[in-house]
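Descriptive structure summary
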Amino acid sequence: MATLNDVAQAAGVSKSTVSIVINGQAGPRKIPEATQQKVMAAVRAVGYKPNLLSRRYAEGRDALALLWATGTGITILARVMEGAEQAIIADKFNVDFIFAPYPRGQLGTPEVQAALPVYSGAILATAEGHELELLEQKPPLTPLVVLDRHSEVFSSVTADNQAAGRLAAEALLLGEGLYDIGMLALEKPCAAAQERRSSFVKACTEAGVTSFLQQTYWTSGTLEGGYSAGLRLAAEGALPRAV
């Protein structure tokens, strides 16, 4: 089993330098970029695994993390965790499924990066655009699957967001015959949410329905934000037939 010494010898650096780099402290300790790349290449070449991960492997267990930005919708979180749990049970995976929250917008920080090597793999469900770009520029050793985002570097699982927005519009206009529509929209939408909204707006506009343009209420996407938007909607007096 590869050790820190093996990595240090392969990279031609000290053991302490290897430790600094793999623990995500290269930036604060001002380790040159070229040295960081040599260390990470050596880690891959010798097959080094952090101790915690090695112990799990020895016990025949894996650790799968769900990386989740704090403040992101609890309903979506519950559905993602339920789906992962069902797959783990159905396929009898010997895995510890770990919920790993991180501060929104800080996925690329050294503190979050340093935690990744303890997992056998991770599902990244709430990455913002700039965070995903940072990870793609410096891929971690831990295998990642990106959920509801497209990536040229990592495996990804995405929905057809444009179809989702269009189908929502068709369900209201054609299925229910509702044309007086209001909209609750995210103030800072992720790329997937923006795609769904744009597709919904396009489908409604093409059908000649534009009432939602005057009845759009912006929300932060939290429970409190949704409640506040609902109060603003109710205060208008004449409620739309659908939201």
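Described in the following lines is the structure provided in the data block.

Cut-offs used in this document
- Residues numbered from 1 in each chain as written.
- Predicted model: local features only at pLDDT ≥ 70, side-chain atom pairs only at ≥ 80, totals over all residues.
- Heavy atoms only, no water.
- Helix = DSSP H or I, 4+ residues; strand = E, 2+ residues; numbered from the N terminus.
- Rg over C-alpha atoms; globule rule 2.2 N^0.38 Å.
- Buried < 20%, exposed > 50% of the residue type's maximum accessible area, 1.4 Å probe, protein only.
- Contact = heavy atoms within 4.5 Å.
- Areas by Shrake-Rupley, 256 points an atom, 1.4 Å probe, with all protein chains shown as cover.
- Lys, Arg positive; Asp, Glu negative; His and termini not counted.
- Charge placed at Lys NZ, Arg CZ, Asp CG, Glu CD.
- Polar contact = N/O pair within 3.5 Å; in protein donor to acceptor, adjacent residues only side chain to side chain.
- Pairing = 2+ DSSP bridges.
- Right-handed = clockwise from strand over helix to strand, strands pointing away.
- Axes fitted to C-alpha atoms, helices over the stretch in contact; angles between N-to-C directions.

Our focus in this paragraph is the overall build of the protein chain. Check the secondary structure of the protein chain and you find 10 helices and 7 strands. Taken over C-alpha atoms, the radius of gyration comes to 23 Å for the protein chain, far larger than the 18 Å a tight globule of 243 residues would show. In terms of its C-alpha atoms, the protein chain occupies a principal-axis envelope of roughly 70 × 40 × 30 Å. Scored against the burial criterion, the 243 residues of the protein chain give a buried share of 37%. Considering only contacts in the protein chain between residues 6 or more positions apart, those separated by 24 or more positions represent 60%. Total accessible area on the protein chain stands at roughly 13,900 Å², and carbon and sulfur atoms take up 56% of it. For the protein chain, the distance from the average site of its 21 positive side-chain charges to the average site of its 24 negative ones is 7 Å.

When you line up the elements, N161 lands in helix 8 (residues 161–175). Assessed through its relative accessible area of 6%, N161 is described here as buried. Engagement of the side chain of N161 in a polar contact is seen with the side chain of R196, the distance being 2.7 Å. With near-sequence residues (within four places) excluded, N161 lies in contact with D148, A192, E195, R196 and S199.

What follows concerns the pairing of strand 6 (residues 183–186). Only one face of strand 6 is buried: it carries M183 and A185, and the other face, with L184 and L186, is open. Pairing of strand 6 with strand 7 (residues 216–219), which is carried by 4 bridges, proceeds in the parallel orientation. The residue of strand 7 that forms the bridge with L184 is Y217. Handedness of the crossover joining strand 6 and strand 7 through helix 9 (residues 191–206): right-handed.

Pairing within the open sheet is parallel, and its 5 strands lie in the order 2-1-3-4-5. Both edges of this open sheet fall to strand 2 (95–102) and strand 5 (155–157), since each of them pairs with a single strand only. Neighbour-to-neighbour, the strand axes of the sheet open up by a mean angle of 20°, direction not taken into account. Across 8 bridges, the pairing between strand 1 (residues 62–69) and strand 2 is parallel. Looking at the pairing, L66 lines up with F99 of strand 2.

Our focus in this paragraph is the side chain of T17. Inspection of the secondary structure puts T17 in helix 2 (residues 15–22). Here T17 falls in the buried class, since its relative accessible area comes to 16%. For T17, the contacting residues outside a window of four places in its chain are I31 and T35.

Don't take any of this as a statement about function, it's just geometry.
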